[in-house]
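Letter by letter, the chains look like this.
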Amino acid sequence: MAAQEIDNSTTWGKELWDQFDNIATHTQKGIDFIERFGGFIRDRSAIEVEYALKLRRLVKNYQPKKSKEDEENEFSSLIAFKNVLKEVADLAGQREVVAENLQNQVLQGILLLAKNLREERKKALNQGASLTQSLHTQIGTLDRAKRSYEKAFREAEKAIESYHKADADFHLSRADVEKQRVNMNIRNSQSEDAKSEYANQLQITNKQQQQHYQIALPEVFNRLQELDEKRTRGMKEFIKRSADVEYEVSPIIAHCLEGIVKAADSINEKDDSMIVIEKYQSGFQPPGDIPFEDLSKPDPDAANNSQTHNSSTGLNHMTGKGTTKDKLKKRVGIFGIFTGNKNNLSTDGLKEDFSDLPPTQRRKKLTAKVQELQQKVAQEQAASDGLMKMKGVYEANSMLGDPRTVEEQLNESVNRLDRLRHELLRYQKLLEQANNQSFIQHSPQSNRVIQNGQRSSRHSNGSSNHENSHEDNGEDHPDDAGSLSSSASPESGLGTSHTSLPGSGQGSTNEQPMNEEFYEADTPLGTCRALYPFDATSEGSIPMSEGEELQVIEVDQGDGWTRVRRFSSKGWEEGFVPTSYIECTLYA
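Reading the values: rules and limits
Residues numbered from 1 in each chain as written. Predicted model: local features only at pLDDT ≥ 70, side-chain atom pairs only at ≥ 80, totals over all residues. Heavy atoms only, no water. Helix = DSSP H or I, 4+ residues; strand = E, 2+ residues; numbered from the N terminus. Buried < 20%, exposed > 50% of the residue type's maximum accessible area, 1.4 Å probe, protein only. Contact = heavy atoms within 4.5 Å. Pairing = 2+ DSSP bridges. Axes fitted to C-alpha atoms, helices over the stretch in contact; angles between N-to-C directions. Expected span 1.5 Å × (residues − 1). Bend = angle between axes of the 7 residues up to and from the residue. Polar contact = N/O pair within 3.5 Å; in protein donor to acceptor, adjacent residues only side chain to side chain. Core = buried A, V, L, I, M, F, W, Y, C linked by side-chain atoms within 4.5 Å. pLDDT = per-residue confidence, 0-100. Parallel < 35°, antiparallel > 145°, perpendicular 65-115°, else oblique. Left-handed = near helix turned anticlockwise from the far one by under 90°. Nonpolar A, V, L, I, M, F, W, Y, C, P; charged D, E, K, R; others polar. Salt bridge = Lys/Arg side-chain N within 4 Å of Asp/Glu carboxyl O. Disulfide = S-S within 2.5 Å. Phe/Tyr/Trp six-rings, centres within 6.5 Å; stacked < 30°, edge-to-face > 60°.

Let's talk about the overall build of the protein chain
In step 1: The number of helices and strands found in the protein chain is twelve helices and seven strands.
In step 2: Across the 588 residues of the protein chain, 35% fall into the buried class.
In step 3: Put simply, 75% of the contacts in the protein chain that link residues at least 6 apart link residues at least 24 apart.

So this is what it looks like as structure tokens:
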């Protein structure tokens with residue numbers, strides 16, 4: 001096969017018969033080159049792995065924080081960005097696949113091929129060196145035979161010349177001449193033997209040299225050529241395989257890129273705008289026109305304002321026990337009369353009934369709470385039904401279990417179910433009340449207009465003006481039963497012994513009637529105006545109508561409620577109203 005290839009094609013054995021050393025150097029450089037290519041693939045795989053790692057770290061760093069509120073009202077841009085992060089994470093996975101395939105399918109093949117090529121090259125070079133050494137040995141033998149022949153030939157010539165001289169010399173005896181003749185014959189015989197040996201070695205050498213340069217050494221060179229071509233073909237295949245590794249993941253990468261484009265197309269600015277409306281809409285109506293105040297006309301309320309202010313001043317002067325805003329009395333027993341105080345907060349910092357939220361947001365929260373409770377009731381009902389079935393099975397067949405072991409769990413489940421149903425009913429009522437509110441509501445922020453650097457209030461001088469102007473200009477009121485007919489009633493939760501009313505009930509050593517001028521409960525800290533109506537639904541609170549003005553006797557302590565007082569046909573009424581429903585003007 002090798003001889004046929006040599007005859008039929010241009011090969012190293014034919015064209016490079018005398019370039020053994022250069023062929024050895026070239027094949028060594030070729031193997032070093034393919035090993036260097038393997039190093040390139042290894043470093044590229046490391047870069048792919050590092051790139052994938054950095055992509056995953058990037059996705060992790062920019063992953064939006066999860067929020068329950070955001071999950072309910074997610075913007076399309078946020079959803080699209082999350083999908084983009086997901087696709088980038090998939091891209092990172094594909095880069096890891098590329099790195100793994102480059103290592104397993106390309107780098108390992110390169111290392112194995114280089115190892116085999118190095119071993120085959122070593123064998124071929126050893127064989128070539130052996131053939132060359134054998135030829136050199138034969139050439140050395142030929143040289144020695146040639147030198148022996150030359151030496152024998154010169155000695156034979158010299159012997160012949162000596163014989164002819166002796167034969168021509170008549171002075172020598174016949175015996176001397178015969179001796180020279182015998183010596184001549186011996187030298188001629190030795191010369192012929194050396195000639196024959198030289199001719200024989202020359203024939204052997206020529207034959208071996210021909211075999212060496214035409215058959216043996218070309219076979220070695222052809223093996224080296226095949227080895228080098230194998231290395232070149234391997235280089236070609238490995239480069240193509242590295243590209244195929246990319247091609248294999250390119251459909252998935254293209255799919256990821258399509259997903260990114262799809263995520264971008266899913267962004268809808270109009271939907272996001274509607275989500276902002278849904279998220280922040282308060283439900284309040286914009287404020288109406290601000291009325292014009294003609295200062296040239298007399299104010300009918302000015303006299304009442306003056307009397308009220310004088311009455312308040314006289315109250316402080318006469319009793320000497322009025323409180324100021326610097327010395328606020330603590331709410332002793334009045335916190336307990338509310339069903340929802342500052343401790344009744346949900347996990348998100350809002351009140352359980354969400355009364356501190358605007359109407360629309362409150363209805364939204366109440367609806368979500370009702371749905372959540374309905375789901376919990378359904379789950380607890382299913383658990384209770386399962387326990388009931390288990391108890392029935394145990395009672396029917398005592399071998400399966402003791403019914404008493406399930407009874408305690410069943411009782412706990414029933415109790416939890418009752419609590420959930422009670423809570424569900426409460427929130428359903430709150431939701432119904434919120435949905436039934438039909439009055440026009442104005443935003444507190446829109447009603448607080450700033451004029452001349454101060455809040456607009458007709459009574460910024462600190463005077464209090466009640467809407468109905470029922471004050472009787474200093475006339476004495478009836479006793480405690482009349483003046484506190486509302487605040488001391490059982491419904492208000494205050495009872496007959498209000499701790500902040502010294503001298504008004506049991507335990508007081510100073511029995512005296514309670515009238516307008518000697519009302520010792522609390523001195524007003526200022527006035528407030530109702531921004532919109534409030535229906536008293538909790539014990540301890542009092543209703544108010546929009547625009548009504550009341551006295552502030554205790555400011556908000558952080559629970560969202562302000563303690564106020566007003567005078568009605570029943571006498572003085574005292575209770576709490578939501579702070580967000582009023583606008584306060586405190587005395588200086």
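A closer look at the sheet that holds strand E7 (residues 582–586)
Backbone hydrogen bonds are what pair the strands of a sheet, in a parallel or an antiparallel way.
In step 1: Read from one edge of the open sheet, five strands run E6-E5-E4-E3-E7, paired in antiparallel fashion. Single-partner strands in this sheet number two, and they are strand E6 (571–578) and E7. Strand-to-strand twist of the sheet, defined as the mean angle between neighbouring strand axes without regard to direction, takes the value 35 degrees.

Thoughts on helix H5 (residues 76–168)
In step 1: Between the first and last C-alpha of H5 there are 134 Å, a value that for 93 residues agrees with the 138 Å anticipated at 1.5 Å per step.
In step 2: Where H5 bends most, at glutamine 103, the angle is about 30 degrees.

Focus: the environment of asparagine 268
In step 1: Inspection of the secondary structure assignment puts asparagine 268 in the loop between helix H6 (174–265) and helix H7 (269–280).
In step 2: The partly exposed category is assigned to asparagine 268, whose relative accessible area is 30%.
In step 3: Sequence-wise, asparagine 268 and serine 76 are 192 residues apart; in three dimensions their C-alpha atoms are separated by 6.1 Å.
In step 4: Separated by 3.1 Å, the side chain of asparagine 268 and the backbone nitrogen of aspartate 271 make a polar contact.

Things to note about the nonpolar core
In step 1: If you look at the biggest cluster of nonpolar residues, it comprises 20 residues, and the most contacted ones within it are Ile34, Phe37, Ile41, Leu102, Val106, Ile110 and Phe238.
In step 2: Looking at this core, the elements that each hand over two or more residues are helix H3 (20–61), H5 and H6.
In step 3: Considering each element in turn, this core owes the most residues, nine residues, to H5.
In step 4: With residues near it in sequence (within four places) discarded, phenylalanine 37 still touches Ile110, Met235, Phe238 and Ile239.

Observations regarding the confidence of the model for the protein chain
In regions of low pLDDT, the predicted coordinates are not meant to be interpreted in detail.
In step 1: Mean pLDDT over the protein chain stands at 76; residues scoring 70 or higher make up 73%.
In step 2: Taking the mean pLDDT of every element in the protein chain, the minimum, 36, falls on helix H12 (residues 480–483) and the maximum, 94, on H3.
In step 3: Predicted confidence is poor over residues 1–8, with pLDDT under 50, and the contacts of this stretch with residues over four places away or in other chains come to eight contacts.
In step 4: Contacts for the low-pLDDT stretch residues 306–343, under 50 throughout, to residues beyond four places or in other chains number 66 contacts.

Re the packing of H3 against H5
Any two packed helices are characterised by the angle at which their axes cross and by the distance between the axes.
In step 1: Contact pair H3 / H5: the axes reach a minimum separation of 8 Å and the direction vectors enclose 165 degrees. Regarding the angle of H3 to H5, the classification is roughly antiparallel. H5 is crossed by H3, and the crossing has left-handed handedness.
In step 2: Residues belonging to the contact of H3 with H5 are distributed by class as follows: 27 nonpolar, seven polar and ten charged.

A word on the pattern of salt bridges
Working definition: two side chains of opposite charge can pair if their charged atoms are close together.
In step 1: The full count for this structure, using the stated rule, is 21 salt bridges.
In step 2: Its salt-bridge partner being glutamate 120, residue lysine 230 comes within 3.7 Å of it at the nearest N-O pair. A residue pair is termed long-range when its members are at least 10 positions apart, and lysine 230 in helix H6 and glutamate 120 in helix H5 qualify at 110 residues.
In step 3: Residues lysine 165 and glutamate 161 are paired through a salt bridge, measuring 3.7 Å at the closest nitrogen-oxygen approach. In this pair, lysine 165 and glutamate 161 both sit in helix H5, four residues apart, roughly one turn of the helix.
In step 4: Among the charged side chains, a salt-bridge network with shared partners connects Arg44, Glu48, Arg95 and Glu246.

Some words on the pairing of strand E4 (residues 549–554)
In step 1: For E4, the buried fraction is high: six of the six residues fall into the buried class.
In step 2: The pairing of strand E3 (residues 526–530) with E4 spans four bridges and is classified as antiparallel. For arginine 529, the partnering residue across the bridge sits in E4 and is glutamate 549.
In step 3: As paired strands, E4 and strand E5 (residues 561–568) are joined by three bridges and run antiparallel to one another. What sits directly across from glutamine 551, in E5, is arginine 565.
In step 4: Taking the residues between adjacent antiparallel strands as the criterion, E4 and E5 are bridged by six residues, where glycine 558 takes a positive phi near 105 degrees.

Topic: the state of the cysteines
In step 1: Within the structure shown, the criterion is met by zero disulfides.
In step 2: We note that cysteine 528 lacks a disulfide partner, and the nearest cysteine sulfur, in cysteine 584, lies 5.0 Å from it.
In step 3: On the basis of relative accessible area, cysteine 528 is assigned to the buried category, the value being 2%.
In step 4: Under the relative-accessibility criterion, cysteine 584 is labelled partly exposed at 24%.

Brief notes about the packing of H3 against H6
In step 1: In contact at an axis separation of 10 Å, H3 and H6 are set at 15 degrees when each is read in the N-to-C sense. One element, H3, and the other, H6, form an angle in the roughly parallel class. Taken as a pair, H3 and H6 cross one another with a handedness that is left-handed. Here H3 contributes Phe20, Ile23, His26, Thr27, Gly30, Ile31, Phe33, Ile34, Phe37, Ile41, Arg44 and Glu48 to the contact with H6, which in turn contributes Leu217, Phe221, Leu224, Asp228, Arg231, Met235, Phe238, Ile239, Ser242 and Glu246.
In step 2: Here the contact of H3 with H6 is composed, by residue class, of 13 nonpolar, four polar and five charged.

What about the environment of tryptophan 561?
In step 1: Locating tryptophan 561 in the fold gives a position in strand E5.
In step 2: Sequence separation between tryptophan 561 and serine 580 is 19 residues; the distance between their C-alpha atoms is 8.3 Å.

Focus: the packing of aromatic side chains
By convention here, two paired aromatic rings are described through the distance between centres and the angle between planes.
In step 1: Counted by the stated rule, this structure contains nine aromatic pairs.
In step 2: With centroids separated by 6.2 Å and ring planes inclined at 40 degrees, the aromatic side chains of tyrosine 149 and phenylalanine 153 adopt a geometry described as tilted. Of the two residues, tyrosine 149 and phenylalanine 153 are both situated in helix H5; the distance of four residues between them amounts to about one turn of the helix.
In step 3: Accessibility expressed as a relative area gives 19% for tyrosine 149, which makes it buried.
In step 4: Exposure remark for phenylalanine 153: the relative accessible area of 36% places this residue in the partly exposed category.
In step 5: Judged by centre distance (4.3 Å) and plane angle (65 degrees), the rings of tyrosine 532 and tyrosine 581 are edge-to-face. One end of the pair, tyrosine 532, is in the loop between E3 and E4; the other, tyrosine 581, is in the loop between E6 and E7, and 49 residues separate them in sequence. Considered together, tyrosine 532 and tyrosine 581 belong to a single accessibility category, that of buried residues.
In step 6: Through successive ring pairs, a cluster of aromatic residues spans Tyr532, Phe534, Trp561 and Tyr581.

As for H6
In step 1: Its 92 residues give H6 an end-to-end C-alpha distance of 132 Å, which sits within 8% of 136 Å, the value for a rise of 1.5 Å per residue.
In step 2: Taken as a whole, H6 carries its principal kink of about 50 degrees at histidine 212.

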